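Single-letter residue listing:
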Amino acid sequence: MIKHKTENEMRRMRDRALLKYYCRASQDARKSGKLTNRREIVNDIVMNSHPFFYLSFNYAYNVLTSLNKRGEQGSENTWSTLRGKQWQELMQHTKHQMEKHGLRMSEALARVLAVERASRFFITTDYAYKLIAELLNEKSNEDLRCCA
């Protein structure tokens, strides 16, 4: 029996990936001798990293199905938020897989969630900055403190 990940598990995976990107970027900045402040590093990670889509299949399928029924219409705010942009990008990847391989939406979405990368982290720089600070302070991340 397949155990599906919950949204909380997916969020924790995203947070760990964000922290790993941060550790790598801060170590690279120190090695290169660049004096870059933490906020610049975090902003660069949020905008330019290519993480997986950290969404559970069930949640993503339900949202995409709902958006598909509404079409591109919806309210003007639907696509203007970071969350909206994430769903729009996920929908584009899914439609591309459907057309390219002749898959049903569920099959295409499963493929996208398994192998495709997002264009960025769909969180604000401020949120990412606070999140990284919290993660670095957690006892379970002591092995990653070297990147602070």
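### A short note on the packing of aromatic side chains
Here the structure, examined in full by the defined rule, presents three aromatic pairs. A centroid spacing of 5.6 Å and a plane angle of 90° characterise the contact between Y21 and F121, whose relative ring orientation is edge-to-face. Residue Y21 is found in helix α1 (residues 7-32), and its partner F121 is found in the loop between α5 (105-115) and α6 (125-137); the two are separated by 100 residues along the sequence. Aromatic pair Y59 and W87: ring centres 5.5 Å apart, planes at 75°, arrangement edge-to-face. Of this pair, Y59 sits in helix α3 (residues 57-70) while W87 sits in helix α4 (residues 82-101), and the two are 28 residues apart along the sequence. The class of Y59 is partly exposed, set by a relative accessible area of 32%. The exposure class of W87 is buried, given its relative accessible area of 7%. When the ring centre of Y21 is taken as origin, the NZ or CZ atom of R24, which lies over that ring, is 5.7 Å away.

### Considering the packing of α1 against α6
With their axes 10 Å apart at the nearest point, α1 and α6 run at an angle of 90° to one another. By the angle between their axes, α1 is roughly perpendicular relative to α6. For the pair α1 and α6, contact is made by R14, D15, L18, L19 and Y22 and by Y127, A128, L131, I132, L135 and L136, respectively. When its residues are assigned to classes, the contact of α1 with α6 shows nine nonpolar, no polar and two charged.

### Examining the packing of α4 against α5
One can describe the packing of α4 onto α5 by two numbers: an axis separation of 8 Å at closest approach and a directional angle of 115°. The hand of the α4/α5 crossing is right-handed. On the side of α4, the interface is formed by L90, H93, T94, Q97, M98 and H101, while α5 contributes M105, A108, L109, R111, V112 and L113.

### Some points on the nonpolar core
Formed by 19 residues in total, the largest nonpolar core has its most connected members in L18, Y22, F121 and I132. Counting only elements with at least two residues in this core, the list comes to α1, α2 (38-48) and α6. For this core, the element with the most residues is α1, which contributes seven residues. Sequence-distant contacts of F121, that is, excluding residues within four places in its chain, are made with R14, A17, L18, Y21, I45, V46, S49 and P51.

### Some remarks on the side chain of S56
Inspection of the secondary structure assignment puts S56 in the loop between α2 and α3. With relative accessibility at 8%, the residue S56 sits in the buried group. Among the polar contacts made by the side chain of S56, one reaches the main-chain amide nitrogen of Y59 at a distance of 3.3 Å.

Scoring rules and cut-offs
Residues numbered from 1 in each chain as written. Predicted model: local features only at pLDDT ≥ 70, side-chain atom pairs only at ≥ 80, totals over all residues. Heavy atoms only, no water. Phe/Tyr/Trp six-rings, centres within 6.5 Å; stacked < 30°, edge-to-face > 60°. Helix = DSSP H or I, 4+ residues; strand = E, 2+ residues; numbered from the N terminus. Buried < 20%, exposed > 50% of the residue type's maximum accessible area, 1.4 Å probe, protein only. Lys NZ or Arg CZ within 6 Å of the ring centre and 35° of its normal. Axes fitted to C-alpha atoms, helices over the stretch in contact; angles between N-to-C directions. Parallel < 35°, antiparallel > 145°, perpendicular 65-115°, else oblique. Contact = heavy atoms within 4.5 Å. Nonpolar A, V, L, I, M, F, W, Y, C, P; charged D, E, K, R; others polar. Left-handed = near helix turned anticlockwise from the far one by under 90°. Core = buried A, V, L, I, M, F, W, Y, C linked by side-chain atoms within 4.5 Å. Polar contact = N/O pair within 3.5 Å; in protein donor to acceptor, adjacent residues only side chain to side chain.

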